[in-house]
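This is what each chain is made of:
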Amino acid sequence: MTGAACGAIARSMTDDPPFSPALLPAGFVDLLTPDARTEAEGVDALMGVFASHGYNRVRPPLMEFEETLLAGSGASLADQSFRVMDPDTRRMMVLRPDITPQIARMAATRLGGAPRPLRLSYSGSCVVVLPAAAEESGRQIMQAGIELIGPDTPQADAEVVSVAAEALAQLGVPGVSFDLTMPPFVPALLEEAKVPAAVRPALMRALDRKDAAAVAELGGTLSETLITLLRAAGPAEQAVSLLARIDLPPRSRAIIQRLADTVEAVRALNPTLRLTVDPVEFRGWKYHTGVCVTVFAVGRSEELGRGGRYLCNDNEPACGLTFRPDVLFRMIPPAAARPRVYLAPGADRQVAASLRKQGYATLAALGGVSAARAKGAASTQAEAHGPEYDRAEARRLGCSHILSGATCTELE
């Protein structure tokens, strides 16, 4: 390589713009106030409702060994998992993309001897390779949810829905709707009706798209039944009534009856809850085995949360629901900041402590920075210790009050 070429490469490298410390990998963001405060306080509110119903909080680790996290129900998460090599053991570790499989592991191991029903709650960050939906841009996501492990009954399914509904009401989320589905239903029906295996993938895609024409073409003798099922989607009571009149094979009938029993159990706890049923919805439910639920809000397409029935690692029945706080808290007003009180030099410490107990945030004078200096002007030592300086500093720092001695005064 000639000297001229080397020089050109060197100039090209040095001409590159400097790397910005604010640049983050795609899908990762800094969460600032008030968003970070809204998320933290919102998660606390959710966890408080969960605790009030007897759900004990647990905290699984952010990373686990690949063969542990991606075993059992976690196997379906393999394509969404970031992997790193543990420099100590030389074994592959996985950043969790979902917390639910970790709860299943804990229930089967550390909590295997705990009394059932086992009620657990959790919150924490997950990392996914790709966002779950096109409208989502984040790869680091928050989860907060509950798992009810042991009973396999409509009442257990209904409890999870009811607790979730109460948590959303506590936050003031408007227009909440719970959509119930039975992912095992369509595969069971196609199998019992002996629909040829070669046709099933295309038929299931048509059902997923709600394409009645394609369903009629591909469904054969089952076409009329499948189109009726498509039309059954809607308000829960209406759907259940229509489903009860459809002639179904035994296994499929039992699945639909469990759905109907769950609707009845939910209604017993929440008579006015907006509840819908989609009997042919199955997309995205990779490890679920029974009634599933997706939470929406009127006028919004994104999911607020989802969950359903599955089997723990030792095949123990379980059901749960996971909220997405990063989606959920965009729907509520930002959490209000604490009113701020500036503590002038010599402020009474006991009064300041009392103000903090009342919900105020106190900002102590630290010296060395003056309002005048912050504006680029000179200040004297006297200015840095006078009442005018204290009031100017209080305003500059966003305080509504100032505490001088034992007297707290509202700023004009």
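Once a new chain begins, its residue numbering starts again from 1 and follows that chain's sequence as written. Since the coordinates come from a predicted model, pLDDT governs what is reported: local features require at least 70, and pairs of side-chain atoms require 80 or more to be given and counted, while whole-chain, interface and lining totals use all residues. Note: side-chain values were computed over all heavy atoms of the structure, leaving out hydrogens and water.

A look at the pairing of strand β3 (residues 82-85)
A regular strand places its side chains so that they alternate between the two faces of the sheet. Pairing between two strands requires that DSSP report at least two bridges joining them. A run of H or I in DSSP counts as a helix once it spans at least four residues, and a run of E counts as a strand once it spans at least two, with each numbered from the N terminus. Of the strand pairs in this sheet, β3 and strand β4 (residues 92-95) are connected by four bridges, and their pairing is antiparallel. Across the sheet, Phe82 pairs through a bridge with Leu95, a residue of β4. Hairpin geometry of β3 and β4 is characterised by an intervening segment of six residues between the two adjacent antiparallel strands and by a positive phi of about 65° at Arg90.

Focus: the side chain of Arg267
Counting through the fold element by element, Arg267 comes out in helix α11 (residues 250-269). Summary of the burial criterion: residues with accessible area below 20% of their type's maximum are buried, those above 50% are exposed, and those between are partly exposed, where the area comes from a 1.4 Å probe applied to protein chains only. Among the residues examined, Arg267 registers a relative accessible area of 18% and is labelled buried. Separated by 2.6 Å, the side chains of Arg267 and Glu237 make a polar contact. Those residues in contact with Arg267 that lie beyond four places of it in its chain are Glu237, Thr272, Leu273 and Leu275. Polar contact criterion, stated in full: a pair of N or O atoms within 3.5 Å, where within protein one must be able to donate a hydrogen and the other to accept it, and residues adjacent in sequence count only if both atoms are side-chain atoms. The criterion used for residue contact is that any of the two residues' heavy atoms lie within 4.5 Å.

What to know about the packing of aromatic side chains
The rule is short: rings of Phe, Tyr and Trp, with Trp giving its six-membered ring, pair when the centres are within 6.5 Å, and they are stacked under 30 degrees, edge-to-face over 60, tilted in between. Taken as a whole, this structure holds zero aromatic pairs when the rule is applied. Of note, Arg91 hangs over the ring of Phe65, and the distance from its end group to the ring centre comes to 3.9 Å. Only when the NZ of Lys or the CZ of Arg is both within 6 Å of the ring centre and within 35 degrees of the ring normal is a charge said to sit over the ring.

Side note on the sheet that holds strand β10 (residues 288-297)
Read from one edge to the other, the open sheet built from nine strands follows the order β1-β5-β6-β12-β11-β10-β7-β9-β8, with strand pairing classed as mixed. Every other strand in the sheet has two partners, leaving β1 (56-57) and β8 (234-235) as the edge strands with one partner each. As judged from the five bridges shared by β10 and strand β11 (residues 305-311), these two strands associate in the antiparallel manner. Each residue of the ladder has a partner; that of His288, found in β11, is Tyr310. Angular values range over 0 to 180 degrees, each being the angle between N-to-C directions of two axes fitted as lines to C-alpha atoms, with helices fitted over their stretch in contact. Against the sheet, helix α5 (residues 154-171) makes contact with β5 (118-127), β6 (140-149), β7 (176-181), β10, β11 and β12 (317-323), and its axis sits at roughly 15° relative to β12, the strand it touches most.

Focus: the pattern of salt bridges
A pair is scored as a salt bridge if a Lys or Arg side-chain nitrogen falls within 4 Å of a carboxyl oxygen belonging to Asp or Glu. A full pass over the atoms with the stated rule returns 20 salt bridges. Measuring nitrogen to oxygen at the nearest pair gives 3.5 Å for the salt bridge that ties Arg251 to Glu191. Placement of the pair is Arg251 in helix α11 and Glu191 in helix α6 (residues 185-192), with a sequence separation of 60 residues. For Arg251, a relative accessible area of 42% corresponds to the partly exposed category. Residues participating in the shared-partner salt-bridge network are Asp152, Asp157, Arg258 and Arg309.

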